[in-house]
Amino acid sequence: MPSSWNSFPKYKEGGSLSALLSSSPTSGVMLVKICMTNCPTLIVTVGLPARGKTYISKKLTRYLNWIGVPTKEFNVGQYRRKCVKTYKSFEFFRPDNEEGLKIRRQCALAALGDVQRYLRDEGGQVAVFDATNTTRERRGTIMSFAQQNGYKVFFVESVCEDPDVIAENIVQVKLSSPDYIHCDTDKAVEDFMKRIKCYENSYEPLDEILDGGLSFIKIMDVGRRYLVNRVQDHIQSRIVYYLMNIHITPRSIYLCRHGESDLNVKGRIGGDSGLSVRGKEFAECLGKFIRDQSINELKVWTSQMKRTIQTAEALSVPYEQWKALNEIDAGVCEEMTYEEIQENYPLEFALRDQDKYRYRYPKGESYEDLVQRLEPVIMELERQENVLVICHQAVMRCLLAYFLDKPAEELPYLKCPLHTVLKLTPVAYGCKIEYISLNVEAVDTHRAKPEVGTFRVSSGMLNLSWCLQIKKMSSRPLVVDLCHY
Amino acid sequence: AIFGCSTLKQVCMTNCPTLIVTVGLPARGKTYISKKLTRYLNWIGVPTKEFNVGQYRRDCVKIYKSFEFFRPDNEEGLKIRKQCASAALNDVQQYLGEEGGQVAVFDATNTTRERRETIVRFAEQNGYKVFFVESVCEDPDVIAENIVQVKLGSPDYTDCNTDEAIEDFMKRIKCYENSYQTLDEDLDRELSFIKIIDVGRRYLVNRVLDHIQSRIVYYLMNIHITPRSIYLCRHGESDLNVKGRIGGDSGLSLRGKEFARYLAKFIQDQNIKDLKVWTSQMKRTIQTAEALSVPYEQWKALNEIDAGVCEEMMYEEIQENYPLEFALRDQDKYRYRYPKGESYEDLVQRLEPVIMELERQENVLVICHQAVMRCLLAYFLDKSADELPYLKCPLHTVLKLTPVAYGCKVESISLNVDAVNTHRDKPENVNIHRSSEDALQTVPPHL
């Protein structure tokens, strides 16, 4: 076994996104580490209140974590709320309020302290420092902090003067903020507008000449225009691409699986079978549901497998087929029942339960591989407006995890039953989700995580070194149950 | 299409063709960008063609005399240049309207607002979306290097000596400077454009309308002109190679291991600055990289084409078990998808992030596989989909690609370790009813 299979190569600055692989002798369990660059990245937001900084911070954090880059956001406003238990009024933010300034500075420092801890001790790769950072002086402080710690800095500024956009922002996320819980709408809006005014006089936007040495993206008018300066590396290039593809136009994304298939009914995984009778009924119901919803310019996407295509056919609308939406490839286990997998590949079956996200079927794929191949789908979903995606169980779990910010451990166990449509509508900082069952019976294909990590092995298959390998990779106790077949 | 051979395009770009229009003074890299962008778009499957107005001018005015032709007060010159622009736009119309083109790149200086308005009107009449790509640069070193790389060798200066050529060209640039109206974020706020400043130090992006424009912007923001070389090679000869079997995940044969050692020595001798090494996640490329004793990254995207039900078969076995599939593959090797496997077309799609990262990087050695290497090579050498699956990528040979002028210089370096030949040419008879003998006519010898 080549030595590098257990070691992680070292990289100079500017490394790229790819999976480092450390594999066991069988092709089963893979330990995967995504290596971006040795240098952590500090993303710093810039902008007046109500310009979407927190929206961008949270969304970017969610995206980076989904593609496997450990990221965390640090919202200075949150630190302020913890420190100053009750928010009284905009006066706190007045530029001549010494007490206020002192507290705000302390909060910023506290947040930076946590950033340091996250990037140094907690395995973080990217930290998003979410605050107004509207003065060159404050940004200078952050730059020094970053230099001392060896972080790369990337600024994300949002500039917007459209009163409608700002008003909508206030309605969506400020009115319900803890700061305004006890206020009526008009008072809250009035106070918040005064709060914005407190920052306006001292606001120094990023300038292409004066700040020509910094790395940043300036987003103008919610994405109408962008100024991008000095992109240093791969992760910054990805961040820029992502930010340039997102929008805030209201829309909904509908996710569902194909109708029940013949292989579903037999309890077999994978394959490329057609719809069962109930599956066809679901397709008809889906057609009716879509028509009743009267969705503006709905795009319909399917995979390139029979069962999703047959489902879309029943809608009698144009649809696009994406190979990237094909179900997870179960390799040697394709078209098997779980019982057959247990019988033929008991070790593989157990390893999968140990780490369902990273486990790759022999000659097949892992959920982690799926996320990588679904990334262009997510990017295009971000660009689009109303879309219905007819896909598969594992694929739908990956997409859902992206929208609902579910971590890798939960992703492979998300519930995505057949014949149920999930309607996702972005709202505030997240997604509203509606489960709509179309009331057509189907088998349940969900397999929950078993309680204990056991695997049954015949005496002839017992291999001590394999057991030790599993034990090393497992964080949970391993119970080996020997059966003599 | 549900099975096998044909595939529908993954993402519908847009029904509306796109007209990309370059903007900028001479020697700002407009043609470099146009050609590169065209190459990239064609490779990812978007039919694209560039229309260089300077070419039209050279076809019209057979002999270039001097910069005087470009003087803003040269009525004759202006007339000819306007005609050439019109002729080019006519050809654009033909390409997008009748020849199945999706994107046309109109490569000219287009430095005045007036000229750009003419083009926008033309596009509106024809239902094209317009996207401007402006290159702004005042760095004299960059401009000088540009002139050396592509102007001195131009047909315009074939009979001049270097100093004369440079002097004339600088005067040519001057002819445009006074009337140059750069894209402005206020005055041109309704237009869709990217302004590239100082060879990518800074970008201004305005009103990206759709997916294709978003991809173009992403691509343009990832390319650079820093000199570097890309080394492509396959893994050392594998055990399955020796047996004449395709696919699988076998280890290196003895000769393959020898190649790996020779590769290590070759790399050392080349003394390449900051070389990155990439492999696939298959044993044979990993074992090859191991011999180099340098850090390397494994990409699943670099794995060999999945031959589905034909994995680990010999061509003789494929002919015996799947004669129909075998013939269909020979009919359209690029689009043909092995049952439960992949097509070259699928490969290109999964290699796109690799290409994007190769553009961002500098010196890289990619140790991959035959079909994968063909796809990457086709990108760098601008080979069509028909040629791609038949590009010669022999074992134990390193291809060194160095960007130069508007293309790539290729050096083929054989490391002098014997290996089987795995290249199967397209047979004469691709009919589904052909005999076994005809089908196996071009199979290379094996054990």
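Computed from a predicted structure; not experimentally measured. (Residues numbered from 1 in each chain as written. Chains lettered and ligands numbered in written order. Predicted model: local features only at pLDDT ≥ 70, side-chain atom pairs only at ≥ 80, totals over all residues. Heavy atoms only, no water.)

1. Some details on the confidence of the model for chain B
All names here are of chain B.
- Residues of chain B with pLDDT of at least 70 account for 97%, and the chain-wide mean is 94.
- This model gives residues 1-13 a pLDDT under 50, and the stretch forms 33 contacts once residues within four places in sequence are excluded.
- Note on the complex model: pTM 0.89, ipTM 0.90. (pLDDT = per-residue confidence, 0-100. Contact = heavy atoms within 4.5 Å.)

2. Comments concerning the UniProt feature "active site" (unreviewed entry) in chain B
Residues and elements named next belong to chain B.
- As annotated by UniProt and renumbered to match this structure, "active site" (unreviewed entry) occupies His 235 and Glu 304. Across 70 residues, the annotated set stays spatially compact, with a maximum C-alpha separation of 10.7 Å.
- By secondary structure assignment, the location of His 235 is in the loop between strand 7 (230-234) and helix 8 (239-242).
- Accessibility expressed as a relative area gives 2% for His 235, which makes it buried.
- In this structure, His 235 is in contact with Asn 241, Phe 259, Arg 284, Thr 285, Thr 288, Ile 367, Cys 368, His 369 and Leu 395, ignoring residues within four places of it in sequence.
- A distance of 3.4 Å separates a polar atom in the side chain of His 235 from a polar atom in the side chain of Arg 284. (UniProt positions renumbered as here; feature names shortened; annotations may be inferred. Helix = DSSP H or I, 4+ residues; strand = E, 2+ residues; numbered from the N terminus. Buried < 20%, exposed > 50% of the residue type's maximum accessible area, 1.4 Å probe, protein only. Polar contact = N/O pair within 3.5 Å; in protein donor to acceptor, adjacent residues only side chain to side chain.)

3. Topic: the UniProt feature "active site" (unreviewed entry) in chain A
Residues and elements named next belong to chain A.
- Here, UniProt's "active site" (unreviewed entry) annotation points to His 258 and Glu 327.
- Among the structural elements, His 258 can be located in the loop between strand 9 (253-257) and helix 8 (262-265).
- Since its relative accessible area comes to 2%, His 258 is described here as buried.
- In this structure the side chain of His 258 is engaged in a polar contact, spanning 3.3 Å, whose partner is the side chain of Arg 307.
- Secondary-structure assignment places Glu 327 in the loop between strand 11 (320-321) and helix 11 (338-344).
- With relative accessibility at 14%, the residue Glu 327 sits in the buried group.

4. Overview of the UniProt feature "binding site: substrate" (unreviewed entry) in chain A
Residue and element names in this part refer to chain A.
- What UniProt calls "binding site: substrate" (unreviewed entry) maps, in this numbering, to Arg 257, His 258, Gly 259, Glu 260, Ser 261, Asp 262, Leu 263, Asn 264 and Arg 307. Sequence-wise these annotated residues cover 51 residues; spatially they are packed, their C-alpha atoms never more than 14.0 Å apart.
- Not counting residues up to four positions away in its chain, the partners in contact with Gly 259 are Asn 264, Leu 275, Gly 279, Phe 282, Arg 307, Thr 311, Leu 418 and His 419.
- Counting through the fold element by element, Asn 264 comes out in helix 8.
- Every residue in contact with Asn 264, bar those within four places of it in the chain, is listed here: Arg 257, His 258, Gly 259, Leu 418, Val 443 and Thr 445.
- A polar atom in the side chain of Asn 264 sits 2.8 Å from the backbone nitrogen of Ser 261.

5. Observations concerning the packing of helix 13 (residues 367-383) of chain A against helix 14 (residues 393-404) of chain A
Residues and elements named next belong to chain A.
- Running from N to C, helix 13 and helix 14 cross one another at 60°; their axes reach a closest spacing of 9 Å. Of the possible angle classes, the one that applies to helix 13 and helix 14 is oblique. Both helix 13 and helix 14 take part in a crossing whose hand is right-handed. In this structure, helix 13 uses Tyr 367, Leu 370, Val 371, Leu 374, Val 377, Ile 378, Leu 381 and Glu 382 to contact helix 14, whose residues at the interface are Ala 394, Val 395, Arg 397, Cys 398, Leu 399, Tyr 402 and Phe 403.
- Considering only residue class, the contact of helix 13 with helix 14 consists of 13 nonpolar, no polar and two charged. (Axes fitted to C-alpha atoms, helices over the stretch in contact; angles between N-to-C directions. Parallel < 35°, antiparallel > 145°, perpendicular 65-115°, else oblique. Left-handed = near helix turned anticlockwise from the far one by under 90°. Nonpolar A, V, L, I, M, F, W, Y, C, P; charged D, E, K, R; others polar.)

6. So, the sheet that holds strand 3 (residues 103-107) of chain B
- Taken in spatial order, the twelve strands line up as 4(A)-5(A)-3(A)-6(A)-7(A)-8(A)-6(B)-5(B)-4(B)-1(B)-3(B)-2(B) in an open sheet, and their pairing is mixed. What marks the edges here is a single partner per strand, and that holds for strand 4 (71-75) of chain A together with strand 2 (48-52) of chain B. Strand-to-strand, the axes of this sheet are offset by a mean angle of 15°, without reference to chain direction.
- Alignment of strand 1 (residues 18-23) of chain B against strand 4 (residues 129-136) of chain B, held across six bridges, turns out to be parallel. (Pairing = 2+ DSSP bridges.)

7. Here's the deal with the packing of helix 13 (residues 344-360) of chain B against helix 14 (residues 370-381) of chain B
All names here are of chain B.
- Two elements in contact, helix 13 and helix 14, have axes whose closest approach is 9 Å; the angle formed by their N-to-C orientations is 60°. Here helix 14 runs oblique to helix 13, going by the angle between their axes. In the crossing of helix 13 with helix 14, the sense of the turn from one axis to the other is right-handed. Contacts between helix 13 and helix 14 involve Tyr 344, Leu 347, Val 348, Leu 351, Val 354, Ile 355, Leu 358 and Glu 359 on the former and, on the latter, Ala 371, Val 372, Arg 374, Cys 375, Leu 376, Tyr 379 and Phe 380.

8. What about the UniProt feature "binding site: substrate" (unreviewed entry) in chain B?
Residue and element names in this part refer to chain B.
- Here the UniProt feature "binding site: substrate" (unreviewed entry) sits at Arg 234, His 235, Gly 236, Glu 237, Ser 238, Asp 239, Leu 240, Asn 241 and Arg 284.
- On the secondary structure map, Leu 240 appears in helix 8.
- Those residues in contact with Leu 240 that lie beyond four places of it in its chain are Arg 245, Gly 247, Gly 248, Asp 249, Ser 250 and Glu 312.
- If you trace the backbone, Arg 284 turns up in helix 10 (residues 283-290).
- Not counting the four nearest positions on each side in its chain, Arg 284 is found in contact with His 235, Gly 236, Ser 238, Gly 247, Gly 248, Asp 249, Ser 250, Leu 252, Glu 304 and His 369.

9. Regarding the pattern of salt bridges
- Under the criterion given, the structure shown has 55 salt bridges over all chains.
- Between Glu 161 of chain A and Arg 51 of chain A there is a salt bridge; the shortest N-O distance is 3.3 Å. Of this pair, Glu 161 of chain A sits in the loop between strand 6 (152-159) and helix 5 (163-174) while Arg 51 of chain A is found in the loop between strand 3 (41-46) and helix 1 (53-66), placing the two residues 110 residues apart along the sequence.
- Since its relative accessible area comes to 54%, Glu 161 of chain A is described here as exposed.
- The shortest N-O distance in the salt bridge between Asp 332 of chain B and Arg 335 of chain B comes to 3.1 Å.
- Of the residues examined, Arg 335 of chain B reaches a relative accessible area of 31% and is grouped as partly exposed. (Salt bridge = Lys/Arg side-chain N within 4 Å of Asp/Glu carboxyl O.)

10. Focus on the state of the cysteines
All names here are of chain A.
- In total, this model carries zero disulfides over all chains according to the counting rule given.
- Here Cys 398 is not disulfide-linked; the sulfur of Cys 416 is the nearest cysteine sulfur, at 9.4 Å.
- Overall, the relative accessible area of 0% leaves Cys 398 in the buried class. (Disulfide = S-S within 2.5 Å.)

11. Concerning the side chain of Glu 304 of chain B
All names here are of chain B.
- Assignment of secondary structure puts Glu 304 in the loop between strand 9 (297-298) and helix 11 (315-321).
- Buried and unpaired, Glu 304 has Arg 284 as its nearest opposite-charge partner, separated by 5.4 Å.
- Polar side-chain contacts of Glu 304 include one of 3.4 Å to the backbone nitrogen of Gln 370. (Lys, Arg positive; Asp, Glu negative; His and termini not counted.)

12. Let's talk about the environment of Ala 188 of chain A
- Of note, Ala 188 of chain A is situated in helix 6 (residues 185-200).
- If we skip the residues at most four places from it in the chain, Ala 188 of chain A touches Leu 175, Tyr 180 and Cys 183 of chain A.

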